[in-house]
Amino acid sequence: GGGGGGGDWGRALRLYKGAQNTASNFVRARFGPGRDMIMSGSEDGCVYLWNRDSGDFVKRLGEDLRVGVVYSCVYSARQALLASCHHDGLLRTWTYREDAAAPPPPPRSAS
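In what follows, the accompanying structure is described.

Reading guide: rules and limits
Residues numbered from 1 in each chain as written. Predicted model: local features only at pLDDT ≥ 70, side-chain atom pairs only at ≥ 80, totals over all residues. Heavy atoms only, no water. Pairing = 2+ DSSP bridges. Helix = DSSP H or I, 4+ residues; strand = E, 2+ residues; numbered from the N terminus. Axes fitted to C-alpha atoms, helices over the stretch in contact; angles between N-to-C directions. Salt bridge = Lys/Arg side-chain N within 4 Å of Asp/Glu carboxyl O. Buried < 20%, exposed > 50% of the residue type's maximum accessible area, 1.4 Å probe, protein only.

### Considerations on the sheet that holds strand β6 (residues 81-86)
- The 3 strands lie next to each other as β5-β6-β7, forming an open sheet whose pairing is antiparallel. Pairing within the sheet leaves two strands with one partner each, and these edge strands are β5 (70-76) and β7 (91-95). On average, each strand axis in the sheet is tilted by 20° relative to the strand beside it, whichever way the strands run.
- Pairing between β6 and β7: 5 bridges, direction antiparallel.

Right under this line is the structure:
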């Protein structure tokens, strides 16, 4: 059969949980921002970001908007912007620095 790979072709490697998607909407997932991230729109109106390798949830953008389905999103490293396409007919841009995804360092002790 085609494909030319081993028997693992088509097997899910990792699951990314959190986004809300049903069969009634076509919501896209993409690689980025950066080489170690996956991002997706969601029916809850947010953009979700996960670590590609671990599957860990990293960030949710747009929690305060809740404007309907986010169908697609794309990241431009050159501009440090993420653009998302929403059900309300608007395209939104978000500033997103790749290094901003890391949690803040713990506070220093006063010693």
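The discussion continues.
### Remarks on the pattern of salt bridges
- Under the counting rule described, the total for this entry stands at 3 salt bridges.
- With a shortest N-O distance of 3.1 Å, R52 and D53 are connected by a salt bridge.
- On the basis of relative accessibility, which here comes to 44%, the residue D53 falls in the partly exposed class.
- Among the ionic pairs, R60 bridges to E63, the shortest N-O distance being 3.0 Å.

Everything listed here is a matter of geometry and, on its own, says nothing about what the molecule does.
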